[in-house]
Amino acid sequence: MRCWVLGVWCWLLGVCLVSCTQKEYRQNTNFVFGTIYNITYQSSEDLQQAIEAELMKVDGEFSMFNPESTVARINQGDSAVERSAMFQEVFQLARTVNKETDGAFDITVAPLVNAWGFGFKHEQMPTPAQVDSLLLIRHQLDFSAIAKGYGCDVVARLLESRGIQNYMVEIGGEVVVKGRNAKGQDWHIGITKPTDDSLSVEGEMQTVLAITDRAMATSGNYRNFYYQGGRKYAHTIDPRTGYPVQHSLLSATVFADNCATADAYATSFMVLGLQGAQAVLQRHPELMAYLIYSDEDGQLAVWASPALSAYQ
């Protein structure tokens, strides 16, 4: 009897120790880069302080609103500013995507974005002569179309350095996921229906995908826009022409191995339009995309990479 009781007690103790040490899924939420981040991860400790320290490193390199950031100092003409390994990594990726998209992605587009009223200076609508002038003289760098995605990658690297294998990192709609969620399933990520919603209050889902071990980023013209003279001006500026894009593509969601790459190509696709995006995807089978556009009847239509069918 004593042996039986002792055996039961040891079993109960073992169960208790396992349940008490099992890593729980934690959730951290706060503001960064002018938006909200949501990070879910399985860990025995809360890593929010370490996460925000990493995000501040990204902010310190690429923020257009922090006068002490590396990019701000470069734009101010500080030739002595040090280009860190982090800065060089993103700068080189930006150059690569610029080449692969025939100039559709361009981190020197800031003066044109500002001139059209979508940047950090909110200037007036430019004249054709001013656009032509800005096309020739562009000395300001702007990493806003790649920095959020890179921030997701930096947090993902931190989590993995701590041995965390199950996580979702989301910053302003850009996402990196790995492993499984708390239910033991792939992570369920929604793609927003691109209806004009400048206040971001509707958020109706076009579709929900089950993904893991992947990064995704979305770019679209359905939130940042204005009307003037009866015409809609969207925030995506074609750096090759200097003018806001005018085509049927409404949103582009790109899937890649890392979020900075997905972020940059999503922006590029909004410049290139549907057929241009499809041409790039044909050359880059490592990328996948979910493209929402307006068909000939003005109705929403979808084109998706065939491999995405496995995520639905």
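In the block above lies the structure referred to throughout.
These numbers were taken from a predicted model, which means no experiment stands behind them. (Residues numbered from 1 in each chain as written. Predicted model: local features only at pLDDT ≥ 70, side-chain atom pairs only at ≥ 80, totals over all residues. Heavy atoms only, no water.)

### Some words on the packing of aromatic side chains
Consideration 1: Under the defined criterion, the tally for this structure stands at eight aromatic pairs.
Consideration 2: Residues Phe62 and Phe143 carry aromatic rings whose centres are separated by 4.9 Å and whose planes lie at 55° to one another, so their mutual orientation is tilted. Separated by 81 residues along the polypeptide, Phe62 in helix H2 (residues 48-62) and Phe143 in the loop between helix H6 (128-136) and helix H7 (147-161) bring together distant segments of the chain.
Consideration 3: Residue Phe62 is classed as buried on the basis of its relative accessible area of 5%.
Consideration 4: Exposure remark for Phe143: the relative accessible area of 0% places this residue in the buried category. (Phe/Tyr/Trp six-rings, centres within 6.5 Å; stacked < 30°, edge-to-face > 60°. Helix = DSSP H or I, 4+ residues; strand = E, 2+ residues; numbered from the N terminus. Buried < 20%, exposed > 50% of the residue type's maximum accessible area, 1.4 Å probe, protein only.)

### A short note on the pattern of salt bridges
Consideration 1: A full pass over the atoms with the stated rule returns twelve salt bridges.
Consideration 2: In this structure, Arg26 engages Glu24 in a salt bridge whose closest nitrogen and oxygen atoms are separated by 3.4 Å.
Consideration 3: Accessibility expressed as a relative area gives 18% for Arg26, which makes it buried. (Salt bridge = Lys/Arg side-chain N within 4 Å of Asp/Glu carboxyl O.)

### Some thoughts on the packing of H2 against H7
Consideration 1: At a closest axis distance of 9 Å, the pairing of H2 and H7 adopts a crossing angle of 145°. Between H2 and H7 lies a crossing whose hand is right-handed. On H7, the residues that touch Ala50, Ile51, Glu54, Leu55, Val58 and Phe62 of H2 are Ala147, Tyr150, Gly151, Val154, Val155, Leu158 and Leu159.
Consideration 2: Its residues assigned to classes, the contact of H2 with H7 shows eleven nonpolar, one polar and one charged. (Axes fitted to C-alpha atoms, helices over the stretch in contact; angles between N-to-C directions. Left-handed = near helix turned anticlockwise from the far one by under 90°. Contact = heavy atoms within 4.5 Å. Nonpolar A, V, L, I, M, F, W, Y, C, P; charged D, E, K, R; others polar.)

### Quick word on the nonpolar core
Consideration 1: Phe62, Phe143, Tyr150, Phe269 and Leu291 are the most contacted members of the largest nonpolar core, which has 41 residues in total.
Consideration 2: Elements that contribute at least two residues to this core include exactly H2, helix H3 (70-75), helix H4 (85-100), H7, strand E10 (249-256), helix H8 (259-283) and strand E11 (288-294).
Consideration 3: Per element, the largest residue contribution to this core is eleven residues, and it comes from H8.
Consideration 4: Ignoring any residue separated from it by four or fewer positions in sequence, one finds Phe62 in contact with Ser69, Val71, Met86, Phe87, Val90, Phe143, Ala147 and Tyr150. (Core = buried A, V, L, I, M, F, W, Y, C linked by side-chain atoms within 4.5 Å.)

### Let's talk about the pairing of strand E7 (residues 214-220)
Looking along a regular strand, one sees side chains alternate from face to face of the sheet.
Consideration 1: Counting buried positions along E7 gives six out of seven residues, so the element sits mostly inside the fold.
Consideration 2: Where strand E4 (residues 174-178) and E7 come together, three bridges link them in antiparallel fashion. From the neighbouring strand, Val177 faces E7, where its bridge partner is Arg214.
Consideration 3: Here six bridges tie E7 to E10, and the two strands are oriented antiparallel to one another. By the bridge assignment, Met216 is partnered in E10 with Phe255. (Pairing = 2+ DSSP bridges.)

These values are about where atoms sit, not about what they do.
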